[in-house]
Amino acid sequence: MSEFKSGFFVGGESTNGRVLIVDDEPDIRKVVRMTLQKAGYDVLEAENGEKAIEVINSGENRLLLDVIICDIRMPKVNGIEAIAYFRQHYPRVPLIVLTGFPDTDMATSLLRQGVVDYLVKPVEGEKLKASVARAMEQRELAHL
Amino acid sequence: MDWMTSQGKGMAATSPTNAHPGIEIEQTPTPRPMRVAIVGAGRGGTALLDVLHQIGTIEIVGITDKDPLAPGLHRAREINVTIYDRVADLIKSPGLNLVMDVTGDPAMVPVLHELISADADIISGQAWRFLWTLVQHESTLQSELLHAEKLAGIGSFAAGIAHDMNNPLQLILGLAENLTDEKDLDAVHAQARDIIDAVKRTSAICRDLTSYSRRTSLRQDCLVHVNGKLDEALKIARYAVALQDIDVRKLYQPDVAVKGNPDELLHVFVNLITNAVQAMEHHGTLTLETSAEAGTTQVRVSDTGCGMAPEVQNRIFEPFFTTKPPGKGTGLGLYNIKNVIHRMNGSIGVASHIGRGSTFTLTFHDEYVADERTTQS
């Protein structure tokens, strides 16, 4: 599992990649972390868009963050605003939307903006992992 | 027949005539209200009181019944309509335009014709039966309208409901998936407990909403604790509008209560809170305030939002008036609120400044005040 994949080493240990989950619900962050850690990912958390921007701008995350999973409906800086920021400042970091509200118009608009996937809660672990794996592939392509 | 004819001293001296007839204080010309008397305070008289007293262009001069325990007399006390002991005193009130005879008593008709002045009319017999059908129809329509508007509003709850249901569902699914191969027994127990809690949270959403969306039963007035109702409304309004970035301030005086239909009052509060939050576009302070003193109970819902221009303020209680884009508002919210509050014998007012926000104030007069007044005379 710990084979060289994304090309980054974290704290001396190799992982499948570093994922940031942005959601105001601690429960969601907990299960996403649980699912992705089991699959060998290093998981960071942020409770809203504002915190997420702080996380991505801190230290090595600027370079080492591979995938962002982002909710839409959140306090302070919401998902839409946060995604716009990430697309502008970190266009190479793939984004996955994980939302409680299926909205076709919003999904279309976000996918046009370059969001890799639009997942509606509740999403199965396998589907989430597959989506993150696809995003990782895109991330690697971006580095070529 | 004493009640019909004799001219004893009743409460006619306190009949609410305009203190300054002919002086027009308001700038916009309002037609002189039609002055109506109701004879008979049974079921029909009560229903008439309820309908007519909501109409600004009709003034109920008074009501009378030979039975001092007639239900309409009780209702008249609640809404401060003068009760006359004798028909003659009521019929001879100055400036009377119309007498509604709802007694169904054929002997009443000639008595009224004898007493009434030449420029006033009488509605009785078949004409009254016809009107009674219309009154009942109107009452059905109003409750239908309230329900329809409420159901239309629930459409806007979809995003909030989805958010609140799918988050615990995600937790349940994630934990259950993990449990399929979790070896640590302590972790299994802890996660099973988390699942139970999440299921309970999810079912609470359905409970809140089904109790809100049910049809309000008419005439189920009871003492409603206002602070608790406001809290309940806040919980439901969360589904319609994003409250995460709104600072909610509660300035509650303890134990404030009003008499009314609890379901209707909840609907009123949900609507006022939703409007307030929408006016703020997700940032600002929502203040819920209750107070009760000297027989007057007030509920205030304030926002620090966009505010309204005077020409908008003047029209917000009109049916179908809305500033929202097509499909976003029925224009019936405040109209229905006004009707509900009027039925509770209360009043609703608004103070608003562009760019500073709006405050809606509901005022209810304690019915004990009315009771005291009637027992004094």
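Residues numbered from 1 in each chain as written. Chains lettered and ligands numbered in written order. Predicted model: local features only at pLDDT ≥ 70, side-chain atom pairs only at ≥ 80, totals over all residues.

## Remarks on the overall build of chain A
Here is step 1: For chain A, the helix and strand inventory stands at 6 helices and 7 strands.
Here is step 2: Counting only contacts in chain A whose residues sit at least 6 apart along the sequence, the fraction spanning at least 24 positions is 63%. (Helix = DSSP H or I, 4+ residues; strand = E, 2+ residues; numbered from the N terminus. Contact = placed C-beta atoms within 7 Å.)

## Notes on the overall build of chain B
Here is step 1: In terms of regular secondary structure, chain B is built from 13 helices and 12 strands.
Here is step 2: Counting the 377 residues in chain B, one finds 34% classified as buried.
Here is step 3: Put simply, 71% of the contacts in chain B that link residues at least 6 apart link residues at least 24 apart. (Buried ≥ 20, exposed ≤ 12 C-beta atoms within 10 Å, placed from the backbone.)

## Let's talk about unusual backbone geometry
Here is step 1: Between Lys121(A) and Pro122(A) the backbone carries a cis peptide bond, its omega angle lying at -5°.
Here is step 2: Along the chain, Pro122(A) turns up in the loop between β7 (117–120) and α6 (125–143).
Here is step 3: A positive phi angle, near 55°, is found at Lys76(A), a position not held by glycine.
Here is step 4: Position of Lys76(A) relative to the elements: it lies in the loop between β5 (67–70) and α4 (79–89).
Here is step 5: Positive phi, close to 60°, is recorded for Asp255(B), a residue that is not glycine.
Here is step 6: Its location among the elements puts Asp255(B) in the loop between β7 (246–251) and β8 (257–260).

## Re the sheet that holds strand β4 (residues 42–46) of chain A
Residues and elements named next belong to chain A.
Here is step 1: Pairing is parallel across the open sheet formed by 5 strands, whose spatial order is β4-β3-β5-β6-β7. Each edge of the sheet is formed by a strand with only one pairing partner; in this case those strands are β4 and β7. For this sheet, the mean angle separating the axes of adjacent strands, direction not counted, is 20°.
Here is step 2: Alignment of strand β3 (residues 18–22) against β5, held across 4 bridges, turns out to be parallel. (Pairing = 2+ DSSP bridges. Axes fitted to C-alpha atoms, helices over the stretch in contact; angles between N-to-C directions.)

## Overview of the nonpolar core
Across soluble globular proteins, nonpolar side chains show a tendency to be buried alongside one another.
Here is step 1: Formed by 40 residues in total, the largest nonpolar core has its most connected members in Leu20(A), Ile68(A), Ile69(A) and Leu95(A).
Here is step 2: Excluding residues within four positions of it along the chain, Ile68(A) makes contact with Leu20(A), Val22(A), Phe86(A), Val93(A) and Leu95(A).
Here is step 3: Among the nonpolar cores identified, the runner-up in size contains 39 residues, and Tyr212(B), Ile246(B), Leu265(B) and Leu266(B) belong to it. (Core = buried A, V, L, I, M, F, W, Y, C linked by C-beta atoms within 7 Å.)

## Here we look at the interface of chain B and chain A
Here is step 1: Contact residues are listed per partner, giving 16 residues for chain B and 16 residues for chain A.
Here is step 2: For the side of chain B that touches chain A, a count of residues per class yields 7 nonpolar, 7 polar and 2 charged. (Nonpolar A, V, L, I, M, F, W, Y, C, P; charged D, E, K, R; others polar.)

## Structural notes on the sheet that holds strand β11 (residues 346–353) of chain B
All names here are of chain B.
Here is step 1: Ordered by their spatial adjacency, 5 strands build an open sheet running β7-β9-β10-β12-β11, and the pairing between neighbours is mixed. Of all strands in the sheet, those with a lone pairing partner are β7 and β11, marking the two edges. Taken pair by pair, the neighbouring strands of this sheet meet at an average axis angle of 10°, ignoring direction.
Here is step 2: Where strand β9 (residues 284–293) meets strand β10 (residues 296–302), 7 bridges bridge the pair, whose relative direction is antiparallel. Across the sheet, Glu289 pairs through a bridge with Arg300, a residue of β10.
Here is step 3: Packed on one face of the sheet, helix α10 (residues 262–280) meets β7, β9, β10 and β12 (357–365) and runs near 145° to β9.

## Let's talk about helix α6 (residues 125–154) of chain B
All names here are of chain B.
Here is step 1: For α6, spanning 30 residues, the distance from its first C-alpha to its last is 44 Å, which sits close to the expected 44 Å at 1.5 Å a residue.
Here is step 2: Among the residues of α6, those classed as buried are Trp128, Leu146, Glu149, Lys150 and Gly153.
Here is step 3: Looking at the packing, one finds that the buried side of α6 touches β4 (98–101), β5 (121–123), α8 (185–213), α9 (226–240), α10 and α12 (333–343). (Expected span 1.5 Å × (residues − 1).)

## Quick notes on the confidence of the model for chain A
For residues with low pLDDT, the predicted coordinates do not support detailed interpretation.
Here is step 1: For chain A, the mean per-residue pLDDT works out to 87, and 88% of the residues sit at or above 70.
Here is step 2: Within the model, pLDDT remains below 50 along residues 1–12 of chain A, and this stretch shows 18 contacts once partners closer than five positions in the same chain are excluded. (pLDDT = per-residue confidence, 0-100.)

## Structural notes on the packing of α6(B) against α12(B)
Residue and element names in this part refer to chain B.
Here is step 1: Look at α6 against α12: their axes get within 10 Å of each other, and the N-to-C directions meet at 135°. By the angle class used here, α6 and α12 are oblique. You can see that α6 and α12 cross each other, and the crossing is left-handed. Along the contact surface, α6 presents Gln142, Leu145, Leu146 and Glu149, while α12 presents Gly333, Asn336 and Asn339.
Here is step 2: Within the contact of α6 with α12, the residues separate by chemical class into 2 nonpolar, 4 polar and 1 charged. (Parallel < 35°, antiparallel > 145°, perpendicular 65-115°, else oblique. Left-handed = near helix turned anticlockwise from the far one by under 90°.)

## Quick look at the environment of Ile316(B)
Residue and element names in this part refer to chain B.
Here is step 1: Here Ile316 is to be found in the loop between α11 (310–313) and α12.
Here is step 2: With 22 C-beta atoms counted inside 10 Å, the residue Ile316 sits in the buried group.
Here is step 3: Those residues in contact with Ile316, other than ones at most four positions away along the chain, are Phe321, Leu334 and Val350.

## Overview of the pairing of β5(A)
Residue and element names in this part refer to chain A.
Here is step 1: Residues Val67 and Ile69 line one face of β5 and the alternating positions Ile68 and Cys70 line the opposite face, and both faces are buried.
Here is step 2: Of the strand pairs in this sheet, β5 and strand β6 (residues 95–99) are connected by 3 bridges, and their pairing is parallel. Looking across to β6, one finds that Cys70 is bridged to Val97.
Here is step 3: As for the winding sense of the linkage, the β-α-β connection from β5 through α4 to β6 is right-handed. (Right-handed = clockwise from strand over helix to strand, strands pointing away.)

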